Amino acid sequence: MSTNTDLLSSEMTIEKLQERANYMRGLNLVSLCCAGSGHSGGTLSMMDMLSALYLKTIKHDPKNPKWEDRDRVIWSAGHKAPALYVSLAVSGYFPEIGLAKLRALGSPFQGHPHHKDCPGVEISSGSLGQGFSVAVGVALAAKTDKKDYRVFVISSDGEQQEGSMWEAAMSAANFKLDNLIMILDRNRLQIDGWTNDVMAIEPLADKYRSFGWEVLEIDGHNMDEIVAAFDKAYDNKSGKPVVVLANTVKGKGISFMEDVAGWHGKPPNKEELAKCMVELGLTKIIDCDAFFKVADDYQVVVENRLTENLPNFSQDYWWNKNTTMKTEMDPTRKGMGRALEEYGDDERIVCIGADISGSITISMFYEKHPERMNRWFSVGVAEQNGTTVAVGLAKEGKIPVFGTYGVFSSARNLDQIRVSICYGDYNVLIVGAHGGVSVGPDGATHQELESLFQMCGLPNMNVAVPCDSHETKRMTKALLFDIVGPKYLRFAREATPIITNDATPFQYGIANIFRFRGEKENFIDAFDVKLSTEYKNENEDLTLIACGPETAEACRAAWILKKEYNLETRVVNIHTLKPLDRQAIIDSARDTGVILTCEEHQVGGLGNWVASSVLQATDQVKKAVQFDMLGVPDRFGESGKSWQLIKEFGLAAEYIAERAKKLHDRK
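This one's a predicted model, so the numbers in the text were calculated from it and none came from an experiment. Every chain begins its residue count from 1, and numbering advances along the sequence as written. Selection of residues for local features in this predicted model requires a pLDDT of at least 70, selection of side-chain atom pairs for listing and counting requires 80 or more, and totals for whole chains, interfaces and linings are taken over all residues. Note that the side-chain values use all heavy atoms of the structure and ignore hydrogens as well as water.

Caption draft 1: Structural detail: the overall build of the chain. A run of H or I in DSSP becomes a helix once it reaches four residues, and a run of E becomes a strand once it reaches two; helices and strands are each numbered from the N terminus. Of the regular secondary structure elements, the chain holds 24 helices and 22 strands. Only C-alpha atoms enter the radius of gyration, while the globule expectation follows 2.2 Å times N to the 0.38, with N the number of residues. For a compact globule of 667 residues, the expected C-alpha radius of gyration is about 26 Å, and the chain comes in at 26 Å, within 12% of that figure. Across its three principal axes, the chain shows a C-alpha extent of roughly 80 × 55 × 50 Å. Accessible area is worked out with a 1.4 Å probe on protein chains only. A residue is then buried under 20% of its type maximum, exposed over 50%, and partly exposed in between. The buried share of the chain, reckoned over its 667 residues, is 62%. Residues count as neighbours in contact if any of their non-hydrogen atoms are within 4.5 Å of one another. Here the analysis covers contacts within the chain between residues at least 6 apart in sequence; of these, 79% occur between residues at least 24 apart. Areas reported here follow the Shrake-Rupley algorithm with a probe of radius 1.4 Å; residue values treat only the protein chains shown as occluding. As displayed, the chain has an accessible area near 24,300 Å², and 49% of this comes from carbon and sulfur atoms.

As structure tokens, this is what we get:
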């Protein structure tokens, strides 16, 4: 497979660019198939423009990615990363076969681009609406330094729903940045459906003109129009920035993907890929099997490394690897959706979507109940607006539920939560979905590891982190009807072990104590569970305090500790972090003298609260306590399969058991 460095030429013909675009679509699809995740629709719609941009228009040097006088391409729409990597590969930055490692653990091709990992990537992006402003800054730097390079921005129509986009548009015109060119992929679809149905953004051309921009509107699949527009934009000296408004078809080139919203964030499987290659005429040109082999071989290397690093015990205790201790897996997010479906008839409840409604399951509120559509509001990709719209609804007596990825519902809108919700003390439920590293291949930009710091630090805020989908449903009900005020619900995306049921005691604000009683056919039956207020000290050897899905890992660690070392473990499930069940923590410190906190979060989100509880109650504890925290060690996440990341970040029960044993031995 050639790196095609000979194609970096201003002599590229229209026909050759069209051929390259078709080839790039094939590379894009095979890499997505290898990854088993990623975005097909919006990457395919961009390929004609990317062929022209990278192979004809811009000045760049694959052998010297940091060449000072290169043109800069800023990918504000970071979810289109597979298309970025394909563009770099065909330009000669790295061998094309490497694309088989898309979204794999340790690969430079993360789910959303990271400039420290991959040559040719200008910025780390993924949170929509930020790259545009970065590009404004880069263009300003060029003007300041009297450099003549151009700054291109890759954007999407759904991204225009972010308010920050219009701040950037305003500033670019204000600073007369005629060296700035936005390529806007107007494919008219986003995750939740047609863009103008989700949140109307038209008339885009008139809006950009009113902001002081030159607008070039083209057919984004007509290579003659693309090249002409890029040339005109490149030579622009008008004192105005330029937007190339490209009308495209989402999923372009593949009949069963075109204009289908469901292909936004979905990869083809091998059977679908074969059909794609036939439609593209690439069956004899791209060796898909060679890509699959590279991908499979790489995963073997990754799995072997993770297995070698995992602490060893007398047997394999991994989930469902034994004839006993079997467990059912279910995504915690579904618990929230089931609660909204079951209890959504209450006329006070209104739900606000932010474009990933199906993924976080908030759409279950209305999917089987069309009569509720008058209480469903989509704000599109606009988290700050959605948060404060919820405040207005709460002010008038509604119970609003606003949800999106945890990284966007706890950080991007933090000031809105702080001032409008918490300071105002309004009854708003903020949903932080897909928390932790186990969200997997999307990578660092979408892995929420900080929200407990942010949310627990806000006055008036209630913070809940349920352990499984069943507890998530019960917690959602409690937050809807029992708790009046600001509230934040954090849960995971991928399937995690079910460790509670209807018989499990549950009370908001009161921790549960799990005690391992011996191996059973089903994992859930191996534990007794009591409210902390009803639990009697059994003089256990140590305590594991956990929240969220890490509670299941702590329970599995208790099994390991008993089987391997005959140690009795108290597992405390802190499903409500604020208000915190401090007495359960103090009792555990006094009774066992050993505490290890476990969280799928930056270390300290849970651990700091537990530590302060113990230190502030020395009069009750009356003994030295061996204490440690286990979590993500002050770093960002990365792409990988969800369970690989649990091992990679040392969050698995094997690591918990190893650390707990060392703590116990110090006692």
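Caption draft 2: Representation of the packing of aromatic side chains. Any Phe, Tyr or Trp ring, taking Trp's six-membered ring, that has another such ring centre within 6.5 Å forms a pair; planes under 30 degrees apart are called stacked, those over 60 apart edge-to-face, and the others tilted. Summed over all chains, the structure comprises 19 aromatic pairs. Judged by centre distance (6.2 Å) and plane angle (90°), the rings of tyrosine 343 and phenylalanine 481 are edge-to-face. Pair noted here: tyrosine 343 is in helix α12 (residues 333–343) and phenylalanine 481 is in helix α18 (residues 469–481), with a separation of 138 residues, a long-range link. Taking the relative accessible area as the measure of exposure, phenylalanine 481 reaches 29% and is therefore partly exposed. Centre to centre, the rings of phenylalanine 523 and phenylalanine 527 are 5.0 Å apart; their planes meet at 45°, and the pair counts as tilted. The same class applies to phenylalanine 523 as to phenylalanine 527, namely buried. Ring pairs connect the aromatic residues Phe313, Tyr317, Trp319, Phe516, Phe523, Phe527, Trp559 and Tyr565, which therefore count as one cluster. Our definition puts a charge over a ring when NZ of Lys or CZ of Arg is within 6 Å of the ring centre and also within 35 degrees of the ring normal. One residue, arginine 72, lies across the ring of tyrosine 149, its end atom 3.8 Å from the ring centre. If you follow arginine 150 out to its NZ or CZ, it ends over the ring of tyrosine 234, 4.7 Å from the centre.

Caption draft 3: How the structure looks around the pattern of salt bridges. Salt bridge, as used here, is a side-chain nitrogen of Lys or Arg placed within 4 Å of a carboxyl oxygen of Asp or Glu. By the definition in use, this model includes 43 salt bridges. Between lysine 661 and aspartate 665 there is a salt bridge, and its shortest N-O distance comes to 2.7 Å. Taken together, the residues span about one helical turn, with lysine 661 and aspartate 665 both in helix α24 (residues 653–666) at a distance of 4 residues. With a relative accessible area of 48%, aspartate 665 lands in the partly exposed category. A single salt-bridge network, built from bridges that share partners, covers Arg515, Arg517, Asp528, Glu538, Glu540, Lys562, Glu568, Arg570, Asp587, Arg590 and Asp591.

Caption draft 4: Spotlight on the sheet that holds strand β16 (residues 512–516). Any two strands between which DSSP finds at least two bridges are classified as paired. If you walk across this open sheet you meet the 6 strands as β17-β16-β19-β18-β21-β22, and the pairing is mixed. Since the sheet does not close on itself, it has two edges, and those belong to β17 (527–531) and β22 (626–632), each with one partner. The average undirected angle you get between the axes of adjacent strands in this sheet is 20°. Note that strand β21 (residues 594–602) and β22 share 6 bridges and pair parallel. Bridged to isoleucine 595 within β22 is phenylalanine 627. Helix axes are fitted only over the stretch in contact, all axes being lines through C-alpha atoms; the angle between N-to-C directions runs from 0 to 180 degrees. Here helix α20 (residues 582–592) sits on the sheet in contact with β18 (542–546), β19 (569–573) and β21, set at roughly 170° to β19.

Caption draft 5: Here's a closer look at unusual backbone geometry. Cis geometry marks the peptide bond from glutamate 202 to proline 203, where omega comes out at 5°. Inspection of the secondary structure assignment puts proline 203 in the loop between α7 (195–198) and α8 (204–210). The omega torsion across lysine 578 and proline 579 is 5°, close enough to zero to call that bond cis. Positive phi, close to 65°, is recorded for arginine 103, a residue that is not glycine. Positionally, arginine 103 belongs in the loop between α4 (81–91) and α5 (131–144). For arginine 103, a relative accessible area of 5% puts it in the buried group. Of note, the phi angle at asparagine 539 is positive, near 55°, even though the residue is not glycine.

Caption draft 6: Representation of a negative patch on the surface within the structure. Two joining distances apply to patches: 9 Å for like charges and 5 Å for nonpolar side chains (Val, Leu, Ile, Met, Phe, Trp, Tyr), and every residue must have over 30% relative accessible area and no salt bridge. By the counting scheme adopted, Arg and Lys are positive, Glu and Asp are negative, and His together with the chain ends is not counted. All charge positions are set by atom: Lys at NZ, Arg at CZ, Asp at CG, Glu at CD. A grouping of Glu15, Asp219, Asp224 and Glu225 is seen on the molecular surface, where their side chains present a negatively charged patch. Tracing the sequence through the fold places glutamate 225 in helix α9 (residues 223–234).

Caption draft 7: Structural detail: the confidence of the model for the chain. What pLDDT expresses is the predictor's confidence in each residue, scored from 0 to 100. This prediction gives the chain a mean pLDDT of 96; 99% of its residues lie at or above 70. Overall, residues 1–7 carries pLDDT values under 50, and its contacts beyond four positions in sequence, including any with other chains, amount to 22 contacts.

Caption draft 8: Quick look at α9. Working rule for helices: expected span equals 1.5 Å times residues minus one. In this model, α9 (12 residues) spans 16 Å end to end at C-alpha, consistent with the 16 Å of a helix rising 1.5 Å per residue. Among all positions of α9, only Met223, Ile226, Val227, Ala229, Phe230, Ala233 and Tyr234 are buried. Buried residues of α9 fall within an arc of 165° about the axis and therefore sit on the same side. Where α9 is buried, its residues touch α1 (14–35), α3 (47–57), β2 (151–156), β3 (180–186), β6 (214–219) and β7 (242–247). Polar contact is defined as a pair of N or O atoms within 3.5 Å, subject to the rule that within protein one atom must be able to donate a hydrogen and the other to accept it, and that residues adjacent in sequence are counted only when both atoms are side-chain atoms. Taking the backbone nitrogen of aspartate 224 as reference, a side-chain oxygen 3.1 Å away marks asparagine 222 as the first, capping residue of α9. Note: the arc covers the axis-to-C-beta directions of the helix.

Caption draft 9: Up close: the layout of surface pockets. In this analysis, the protein atoms alone were mapped onto a 1 Å grid. Cavities are point sets where a 1.4 Å probe fits without being able to get out; pockets are open sets with protein on both sides within 12 Å along at least five of seven lines; lining residues have an atom within 4 Å of a point. Grid points are joined across faces, edges and corners, and a volume is the space filled by probe spheres set on the points. In this structure, the largest pocket spans a volume of roughly 870 Å³. Taken together, 49 residues make up the lining of the largest pocket; nearest its centre are His39, Ile191, His264, Ile356 and Tyr405. Of all the secondary-structure elements, those providing two or more residues to the lining of the largest pocket are β4 (189–190), α13 (357–360), β11 (399–405) and α15 (406–412). With 3 residues, the single largest contributor to the lining of the largest pocket is α13. Nonpolar residues are Ala, Val, Leu, Ile, Met, Phe, Trp, Tyr, Cys and Pro. Charged residues are Asp, Glu, Lys and Arg, and all others, Gly as well, are polar. When grouped by side-chain class, the residues that make up the lining of the largest pocket number 11 nonpolar, 23 polar and 15 charged. Its volume calculated, the second largest pocket comes out at about 530 Å³. Lining the second largest pocket we find 26 residues, and of these Ser124, Ser125, Ala444, Thr445 and Phe636 sit closest to its centre. Breaking the lining of the second largest pocket down by element, the ones donating at least two residues are α5 and α15.

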